[in-house]
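Residue-level listing of the chains:
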Amino acid sequence: MFPITKQERLVLITFGLVFLFGTAFQYVFKKNPALENIVNVMDSQTIYPKVDINKVSYDQLVKIPYVGPATAKHIMDYRKTHGPFQSLEQLKSVEGVDRGRFEKIFPFLKEPR
Amino acid sequence: MIKTHRPLLSITLALSLGILVSQIARPDFRLLVLLTFFSLFLNGLWIKKKIIAGSLTVVSFVFLGMVCCQNSQVVSEDHIIHAARYHKKGMTFLEGIVVSDVQRRPFFKGKKNIFILDVKRIKAPWGWIKKSGRVLVQIFRETPVQYGDYLRLKGKLYRPFNFSEDEKFSYREYLERKGIKLMFSVGKKGEYQVLRFDKGNGFEAAAYRLKNRLAKIFWKHLTANEAAIMIGVVLGDRYLIPKHINELFIQTGTVHILAISGFNVGIVAFIIFVILKTFPLGRRWQYMLTIFFLVFYAFLTGGQPSVVRATIMACIFLASFLLEKESEPTNSLALAALIILLQNPMNLFDVGFQLSFISVLAILHFHPMIMRVLGKLPFDQESRVAQSVLQCFSVSLAVWIWLAALLVYYFQIITPVTILANFVVIPFSTVLIILGFGMVFLAMLWPPLALAFAACIKVTLNAMIACIYLLSQLPWAYVYTKEISLRQVFVYYGIMGLGVLLFVLIRKLNPPKSI
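Residues numbered from 1 in each chain as written. Chains lettered and ligands numbered in written order. Predicted model: local features only at pLDDT ≥ 70, side-chain atom pairs only at ≥ 80, totals over all residues.

1. Regarding the overall build of chain A
Along the backbone of chain A there are 5 helices and 2 strands. Start at the N end of chain A and walk to the C end: the helices and strands fall as α-α-β-α-α-α-β. Computed over C-alpha atoms, the radius of gyration of chain A comes to 24 Å, more than 25% over the 13 Å expected from 2.2 N^0.38 for 113 residues, which places it beyond the range of a compact globule. Projected onto the principal axes, the alpha-carbon positions of chain A cover approximately 85 × 30 × 25 Å. Burial status across chain A gives 17% buried among its 113 residues. (Helix = DSSP H or I, 4+ residues; strand = E, 2+ residues; numbered from the N terminus. Rg over C-alpha atoms; globule rule 2.2 N^0.38 Å. Buried ≥ 20, exposed ≤ 12 C-beta atoms within 10 Å, placed from the backbone.)

Here is the structure:
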């Protein structure tokens, strides 16, 4: 009656499950848009919390993407010599932080108050 | 006991040794050619004497490795590098063909386009001069430039520089290994002009066109970060993955799932095979078409060493069904290495090449040893679940142990959490690859159906990232280490090799009792 092979059945079951779950997720996200934001872990700050440039230690700085040991040392030296950063833009004055590097680092830093 | 025949393994190891020695000692090229010829001649002379001829074959391939390595580093007289010093100041005009896919990377509020240009001509004060060689071009704006376009560019020609004092990684050396000695920037004052279209290879052009079309599907249905990861996993473009997410994968030792490897190629081969099964085709046609589509997929993903390795191994495996001859995995692996090294000997120093081949060797030879040891543990030998858990544990442990020294050398990190993380990440990534291919396939046939796949991808991908994040927060999940020297790496692998030899020797002296 149903002349389909085992592999074809497997493909159809997989397709059916994906379609079922996908439609259910779409329905839930449409009804509760807030839930979509909760699911979206990747864009949340939980995965990578922003750090305060005036309070961050050397060890924490090194862990920030695009900041290596040399740049971290330059930032620490700058803070020691010039005092706390007034704005994130001031980072551009630090040795080793050019425009390109600044653009990459700044999403991981909090604007100083 | 069946004796395994692996003629290509010793040849490939000899060739690799030759490349390594040539990089360190740099012997005279003419002498090397003579020595290679002489050893091959003697080989032919004593072809019937098994031991002498075998040793001479190995020796001749060591010399051949040196010859290939030296040849790959010599540039022709019309190479653009010779003209570069005259174009240090001011603007330079160049003409050439785009020979790579065009990367469209975000740059400040706009985008920049990056691609490799096969140089044809350069403009001197007295007119255009024919030149050869490859340069890495950056155009600091969005352009419609595509693979195969013949371009005229106005910009700055310069030697690549090392971006940061933070990293041991040298960008200049990395590009030189790929045969690129110069960069060309087309900034605000620069210009570009497409003079002719479709000057590239038709097969490659079709692969890149399809890749860009598939990438657009991901961009359309997913958020930027989700699309970047899916494009990396399915289409091989990893440059779009945000650094902080990439870092999470590095810290948990699971970055291998972001790179296209044997695992991904295996799933792709399975999907192609399942689709082909729905057509009224004979077995032979199914195998041949799967091989064809796998090669197409290797082109589509940019032909990195790990993809080429996995594709060659998969093709040999499929061809063995066609020829009705059993393939030997280590021999297939050696053939893949041989092809990649003969194409560019400098690939031996590529991190991706080293990680890819060592991990497969560990799976092929070290994983069974671990399984033999684990087999003595008191557990239900009949249980399929227990067997699967042990297999996964053993594979992860084998790869982790064999890659540890290289990972410390290149990335200064030890990731004990890897073994646990693989249990979580591998099932997730398998589902993601299947969903990813399903989505792009359906989006081309019937777009509304792709929405259901996109919703599943969103949930699965975020769940995987959340798990990876939690694993990275475990105590002692990863440890950043100090730099180690190349000598220490060799000592580590020497000790590992001796350990394996000892294990094999003990096994030979005390063979397992058969029932």
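Alright, that's what it looks like, and here's the rest.
2. A closer look at the overall build of chain B
When helices and strands are tallied, chain B shows 17 helices and 10 strands. The C-alpha atoms of chain B give 25 Å as radius of gyration, which agrees with the globular expectation for 515 residues (24 Å, within 12%). Counting only C-alpha atoms, chain B reaches 85 × 65 × 55 Å along its principal axes. Split into buried and exposed, the 515 residues of chain B put 33% on the buried side. Sequence-distant contacts in chain B: of pairs separated by 6 or more residues, those separated by 24 or more amount to 73%. (Contact = placed C-beta atoms within 7 Å.)

3. So, the domain arrangement of chain B
Looking at the assigned domains, one finds that chain B contains domain 1 (7-73), domain 2 (81-200) and domain 3 (254-349). Spacing between the C-alpha centres of domain 2 of chain B and domain 3 of chain B amounts to 32 Å. (Domains from an automatic or database assignment.)

4. Notes on the environment of B:Ser396
All names here are of chain B. Note that Ser 396 resides in helix H14 (residues 384-411). Considering only alpha carbons, one finds Ser 396 and Lys 50, 346 residues apart in sequence, at a separation of 39 Å. Among residues more than four places away in sequence, those in contact with Ser 396 are Thr 418, Ile 419 and Asn 422.

5. So, the nonpolar core
Membership of the largest hydrophobic core comes to 110 residues, with the highest contact counts inside it found for B:Met439, B:Phe453 and B:Ile457. Once residues lying within four places of it in the same chain are set aside, the contact partners of B:Phe453 are A:Val18, A:Gly22, B:Leu435, B:Gly438, B:Met439 and B:Leu442. With 11 residues, the next largest nonpolar core counts A:Leu61, A:Ile64, A:Tyr66 and A:Ile75 among its residues. (Core = buried A, V, L, I, M, F, W, Y, C linked by C-beta atoms within 7 Å.)

6. Regarding helix H7 (residues 224-235) of chain B
Residue and element names in this part refer to chain B. When the terminal C-alpha atoms of H7 are compared, their 15 Å separation across 12 residues agrees well with the 16 Å that a helix rising 1.5 Å per residue should span. Judged by how many residues are buried, H7 sits mostly within the fold: 11 of 12 residues are covered. Buried within H7 we find Asn 225, Glu 226, Ala 227, Ala 228, Ile 229, Met 230, Ile 231, Gly 232, Val 233, Val 234 and Leu 235. Buried-residue contacts for H7 involve helix H6 (202-221), helix H8 (243-251), helix H10 (283-300), helix H15 (418-445) and helix H16 (447-472). Two residues or fewer past H7, Gly 236 is found with a positive phi of approximately 85°. (Expected span 1.5 Å × (residues − 1).)

7. Examining helix H1 (residues 6-31) of chain A
The terminal C-alpha atoms of H1(A), which comprises 26 residues, lie 37 Å apart, in line with the 38 Å expected from a rise of 1.5 Å per residue. Those residues of H1(A) that sit buried are A:Val18, A:Gly22 and A:Phe25. The elements touched by buried residues of H1(A) are H15 and H16 of chain B.

8. Considerations on the pairing of strand S4 (residues 127-130) of chain B
Residues and elements named next belong to chain B. One ladder, built from 4 bridges, connects strand S3 (residues 110-124) with S4; its direction is antiparallel. Looking at S4, one finds that Ile 122 is bridged to Ile 129. Where S3 folds back on S4, the antiparallel hairpin that results is connected by 2 residues. (Pairing = 2+ DSSP bridges.)

9. Some remarks on the environment of B:Pro511
With respect to the helices and strands, the residue B:Pro511 is situated in the segment after helix H17 (486-509). In the structure, B:Pro511 is positioned 68 residues away from B:Ala443 in sequence and 56 Å away in space, judged by C-alpha atoms.

10. Regarding the interface of chain A and chain B
A common way to report how large an interface is uses the accessible area buried once the components associate. Each partner contributes to the interface: chain A provides 25 residues, whereas chain B provides 27 residues. For the side of chain A that touches chain B, the secondary-structure elements that each account for two or more residues are H1 and helix H4 (69-82) of chain A. Its residues placed into classes, the side of chain A that touches chain B shows 15 nonpolar, 8 polar and 2 charged. (Nonpolar A, V, L, I, M, F, W, Y, C, P; charged D, E, K, R; others polar.)

11. What about the confidence of the model for chain B?
Chain-level statistics for chain B give a pLDDT mean of 89 and a share of 97% at 70 or above. In the predicted complex, the global pTM is 0.85; the interface-specific ipTM is 0.78. (pLDDT = per-residue confidence, 0-100.)

12. A word on the packing of helix H11 (residues 305-323) of chain B against helix H13 (residues 351-374) of chain B
In a pair of packed helices, the angle between the axes and the distance between the axes together describe the arrangement. All names here are of chain B. Between H11 and H13, whose axes approach to 8 Å, the crossing angle comes to 35°. Side by side, H11 and H13 meet where Pro 305, Ser 306 and Arg 309 of the first sit next to Gly 352, Phe 353, Ser 356 and Phe 357 of the second. In terms of residue class, the contact of H11 with H13 is built from 3 nonpolar, 3 polar and 1 charged. (Axes fitted to C-alpha atoms, helices over the stretch in contact; angles between N-to-C directions.)

13. Examining the packing of helix H9 (residues 262-277) of chain B against H10(B)
Residue and element names in this part refer to chain B. Where H9 contacts H10, the axes come no closer than 10 Å and their chain directions differ by 135°. Classified by the interaxial angle, the pair formed by H9 and H10 is oblique. The hand of the H9/H10 crossing is right-handed. Where H9 abuts H10, its residues Val 265, Val 268, Ala 269, Ile 272, Phe 273, Leu 276 and Lys 277 lie against Gln 286, Leu 289, Thr 290, Phe 293, Leu 294 and Tyr 297. The residue makeup of the contact of H9 with H10, split by class, is 10 nonpolar, 2 polar and 1 charged. (Parallel < 35°, antiparallel > 145°, perpendicular 65-115°, else oblique. Left-handed = near helix turned anticlockwise from the far one by under 90°.)

14. Some points on the domain arrangement of chain A
Domain annotation for chain A reports domain 1 (6-43) and domain 2 (51-110). Each of domain 1 of chain A and domain 2 of chain A has a C-alpha centre, and these two points are 41 Å apart.

15. Points about the pairing of strand S6 (residues 150-158) of chain B
Residue and element names in this part refer to chain B. Judged from the 6 bridges that link them, strand S1 (residues 92-98) and S6 form a sheet pairing that is antiparallel. Following the sheet pairing, Phe 93 is matched in S6 by Lys 154. Both S6 and strand S8 (residues 191-196) contribute to a ladder of 5 bridges, which runs antiparallel. Within the sheet, the bridge partner assigned to Leu 153 lies in S8 and is Tyr 192. Note that S6 and strand S7 (residues 180-186) share 3 bridges and pair antiparallel. Within the sheet, the bridge partner assigned to Tyr 158 lies in S7 and is Met 183.

16. Here's the deal with unusual backbone geometry
Here B:Arg26, not a glycine, exhibits a phi torsion of approximately 50°, which is positive. When you line up the elements, B:Arg26 lands in the loop between helix H1 (7-25) and helix H2 (29-45).

17. Details of the environment of B:Ser332
All names here are of chain B. By the element assignment, Ser 332 lies in helix H12 (residues 329-343). The buried category is assigned to Ser 332, around which 23 C-beta atoms lie within 10 Å. Leaving out residues up to four positions away in the same chain, Ser 332 has contacts with Met 313, Ile 316, Phe 317 and Ser 327.

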